[in-house]
Protein chains: 2
Amino acid sequence: MEKIYEGKTKTVYSLENGNVLLKFKDDCTGKDGVFDPGENTVGLTIEGIGKANLETSIHFFEILKKEGVKTHYVSADIDNATMEVLPAKVFGKGLEVICRLKATGSFIRRYGDYIADGTVLEGGYVEATLKDDAKGDPLITSEGLAALGIMSQEMFNSMKEQTLKITKIVAADLAKMGLDLYDIKFEFGYNNDEVILIDEIASGNMRVYKDGKYVDPITLTSIILGK
Amino acid sequence: MEKIYEGKTKTVYSLENGNVLLKFKDDCTGKDGVFDPGENTVGLTIEGIGKANLETSIHFFEILKKEGVKTHYVSADIDNATMEVLPAKVFGKGLEVICRLKATGSFIRRYGDYIADGTVLEGGYVEATLKDDAKGDPLITSEGLAALGIMSQEMFNSMKEQTLKITKIVAADLAKMGLDLYDIKFEFGYNNDEVILIDEIASGNMRVYKDGKYVDPITLTSIILGK
């Protein structure tokens, strides 16, 4: 097993069977010692958060598997905080795909002249941003992704369709716990001519409300895991 | 003839035949007395610039007419600096459509990690921004336009196709004068179930180079009009 990448919150190893092992770390993104999944730098270490994010991810990846959605998820070893996944090539230097069910955050900062905070986006709205800390993760259109050679229009359509489907499944599961999913962030990769969901599905990737109040990621994880 | 709108650089009147009359003013957008088509406020008055912009627009609208591209253009009266156009409803509170043939400006500020300034965007790249001075004219995707109820995906596709076609025609005409079109900004409107090009096609709407050097709008107008 060979280390191939050291990320902010995960270490990535290649396995002999051709798959990849993700080791979830206890390092979190944040600022001034406060956990903030929106930050781009590691700001603190929270003991056990790596395993908690892994367990949350397994929770959702298993549901997706049952629903017949192919992702990079193969299996997991919670004790060692590792997840075995299919190898995948990321798009460009990393692409984030956001699905919004209710308008808030940067969507309102951009389009607040047209829509009120909290408005339902009927059917879900999907957008992509480039991972680029210095440029503030700029929004990019499907035309832009094609122009930059990052992704064809066909791949984008597949990614958009999967994003809508996966978001609906996650939202339905959260709804059973009385939780209201506003938006969620995914990463996709390219595996054997197929666009598939990669990375994690953890509390830091989603904005969730309960009884009209925002639920922070630590609380959300404990609700999802029931502990 | 009734005044229906007083814009920054044009006054709009309704005509008895159902059409609309645009009166080109000598007011220009700019800052501190310097003409800058990228600015959103009227900064100065240049005698004759209204007529010059009208003549430039007629130049291109007439070429488009010959090429069979339907626009809002009906006829013009240069002496009175007016253009008769078809009535059209703007999208949302105003939408700008940019076609880029070479990557520069805000495209590089956003995506400079992926592409060098001046790179040819093969086939042309089309993007839309909302007119919103306070929010810095934010980029919006076709999905965003649909989510905000501004424009359907079908209308966007028609607008994109027309934008590529019109840009190629304008670029070919400029090329005959030894000019290299980098990007151009359009406005579209909705007329009788059709998306059509509206507003003007003037030097301030395009970024043009000659022998590798940027040509300012005033110089560009005099080259296009041959005077």
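Analysis parameters
- Residues numbered from 1 in each chain as written.
- Chains lettered and ligands numbered in written order.
- Predicted model: local features only at pLDDT ≥ 70, side-chain atom pairs only at ≥ 80, totals over all residues.
- Heavy atoms only, no water.
- Buried < 20%, exposed > 50% of the residue type's maximum accessible area, 1.4 Å probe, protein only.
- Helix = DSSP H or I, 4+ residues; strand = E, 2+ residues; numbered from the N terminus.
- Arc of directions from axis to C-beta.
- Polar contact = N/O pair within 3.5 Å; in protein donor to acceptor, adjacent residues only side chain to side chain.
- UniProt positions renumbered as here; feature names shortened; annotations may be inferred.
- Least-squares fit on C-alpha atoms with pLDDT ≥ 70 in both.
- Contact = heavy atoms within 4.5 Å.
- Core = buried A, V, L, I, M, F, W, Y, C linked by side-chain atoms within 4.5 Å.
- Domains from an automatic or database assignment.
- Buried area = accessible area lost by both parts, 1.4 Å probe.
- Salt bridge = Lys/Arg side-chain N within 4 Å of Asp/Glu carboxyl O.
- Pairing = 2+ DSSP bridges.
- Axes fitted to C-alpha atoms, helices over the stretch in contact; angles between N-to-C directions.
- Expected span 1.5 Å × (residues − 1).

Description of helix 5 (residues 217-225) of chain A
All names here are of chain A.
So, point 1. Taken residue by residue, helix 5 has Pro217, Leu220, Thr221 and Ile224 as its buried positions. Seen end-on, helix 5 carries its buried residues on one side only, within an arc spanning 100°.
So, point 2. One side-chain oxygen at the N-terminal end of helix 5 lies 3.0 Å from the backbone nitrogen of Ile218; it belongs to Asp216.
So, point 3. Phi for Gly226, located one or two positions after helix 5, is positive at around 65°.

Considering the UniProt feature "domain: SAICAR synthetase/ADE2 N-terminal" (unreviewed entry) in chain A
So, point 1. As recorded in UniProt, the feature "domain: SAICAR synthetase/ADE2 N-terminal" (unreviewed entry) lies at residues 3-214 of chain A.
So, point 2. Taken as a whole, residues 3-214 of chain A contains 25% helix and 38% strand, while its terminal C-alpha atoms sit 37 Å from one another.

Some remarks on the relation of the copies chain A and chain B
So, point 1. Each copy of the sequence occupies a distinct position, and chain A is placed on chain B by a rotation of 180° and an axial shift of 0.0 Å, giving an RMSD of 0.0 Å. What the rotation and shift describe, once combined, is the action of a two-fold rotation axis. Relative to the rotation axis, the closest C-alpha in chain A is found at Thr141 of chain A, a distance of 2.7 Å.
So, point 2. In this assembly the copies share their binding face: 100% of the residues contributing to the interface of chain A also contribute to that of chain B.

Notes on the nonpolar core
So, point 1. The biggest cluster of nonpolar side chains holds 115 residues, and the ones touching the most others in it are Met206 of chain A together with Met206 of chain B.
So, point 2. Non-local contacts of Met206 of chain A, meaning those with residues more than four positions away in its chain, are made with Phe60, Val170, Leu174, Leu181, Asp183, Ile184, Ile201 and Leu220 of chain A.

Here we look at the domain arrangement of chain A
Residue and element names in this part refer to chain A.
So, point 1. Splitting chain A by domain gives domain 1 (1-83) and domain 2 (87-223).
So, point 2. Once you take the C-alpha centre of each, domain 1 and domain 2 turn out to be 18 Å apart.
So, point 3. Both sides together, the interface formed by domain 1 and domain 2 hides about 2100 Å², and carbon and sulfur atoms give 65% of it.
So, point 4. Broken down residue by residue, the surface that domain 1 buries against domain 2 is led by Phe60, Lys70 and His72, which jointly contribute 26%.
So, point 5. A salt bridge links Glu194 to Lys70, with the nearest nitrogen and oxygen atoms 2.7 Å apart.
So, point 6. Across the domain 1-domain 2 interface, the total number found is seven residue pairs in polar contact (both at pLDDT 80 or more).

Things to note about the interface of chain A and chain B
So, point 1. Between chain A and chain B, the contact holds 29 residues from the first and 29 residues from the second.
So, point 2. Each partner contributes to the roughly 2500 Å² buried at the junction of chain A and chain B, and carbon and sulfur atoms together form 62% of this total.
So, point 3. Across the contact surface, chain A and chain B share two salt bridges.
So, point 4. In this assembly, chain A and chain B are joined by eight residue pairs in polar contact (both at pLDDT 80 or more).
So, point 5. Elements with a contribution of two residues or more to the side of chain A that touches chain B: helix 2 (106-111), strand 11 (120-130), strand 12 (139-140), helix 3 (142-147) and helix 4 (153-176) of chain A.

So, the pairing of strand 8 (residues 82-85) of chain B
Residue and element names in this part refer to chain B.
So, point 1. Side chains of strand 8 alternate between two faces, with Thr82 and Glu84 and Met83 and Val85 buried alike.
So, point 2. Two elements, strand 3 (residues 20-24) and strand 8, share four bridges in a ladder whose sense is antiparallel. Bridging from a neighbouring strand, Lys23 pairs with Thr82 of strand 8.
So, point 3. Relative to strand 8, strand 7 (residues 73-77) runs antiparallel, the two being bridged by four bridges.

Some words on the sheet that holds strand 8 (residues 82-85) of chain A
Sheet strands line up and pair through hydrogen bonds in the backbone, either parallel or antiparallel.
Residue and element names in this part refer to chain A.
So, point 1. If you trace the five strands from one edge of the open sheet to the other, you get 1-2-3-8-7, paired in antiparallel fashion. In the strand order of this sheet, the two ends are held by strand 1 (2-6) and strand 7 (73-77), each with one partner. Neighbour-to-neighbour, the strand axes of the sheet open up by a mean angle of 25°, direction not taken into account.
So, point 2. This element, helix 1 (residues 49-66), spans strand 3 (20-24), strand 7 and strand 8 of the sheet and lies at about 140° to strand 7.

Description of the environment of Glu154 of chain B
Residues and elements named next belong to chain B.
So, point 1. Take Glu154: it is sitting in helix 4 (residues 153-176).
So, point 2. Looking at Glu154, the relative accessible area reads 57%, which means it is exposed.
So, point 3. Along the primary structure Glu154 and Lys213 are separated by 59 residues, whereas in three dimensions their C-alpha atoms are 38 Å apart.

A closer look at helix 1 (residues 49-66) of chain B
Residues and elements named next belong to chain B.
So, point 1. End to end, helix 1 covers 26 Å across 18 residues, agreeing with the expected 26 Å (1.5 Å per residue, within 8%).
So, point 2. With 13 of its 18 residues buried, helix 1 lies for the most part within the structure.
So, point 3. Two residues or fewer past helix 1, Gly68 is found with a positive phi of approximately 80°.

Quick look at the pattern of salt bridges
Residues and elements named next belong to chain A.
So, point 1. Per the counting criterion, the structure on display carries 30 salt bridges over all chains.
So, point 2. With its nearest N and O atoms 3.1 Å apart, the salt bridge here joins Glu200 to Lys10. Of this pair, Glu200 sits in the loop between strand 14 (194-198) and strand 15 (206-210) while Lys10 sits in strand 2 (residues 10-14), placing them 190 residues apart in sequence.
So, point 3. Judged by relative accessible area, Glu200 falls into the buried class, the value being 11%.
So, point 4. If you follow the salt bridges from partner to partner, you end up with Arg100, Arg110, Glu127, Asp183 and Arg207 in one network.

Quick word on the sheet that holds strand 4 (residues 27-31) of chain B
Residues and elements named next belong to chain B.
So, point 1. As summarised here, the arrangement of the three strands in space is 5-4-6, forming an open sheet in which the pairing is antiparallel. Taken across any chain shown, the strands that pair with only one partner, and hence form the sheet edges, are strand 5 (34-35) and strand 6 (42-45).
So, point 2. Here strand 4 runs beside strand 5; their pairing, made up of two bridges, is antiparallel. Of the residues in strand 5, the one forming a bridge with Lys31 is Val34.

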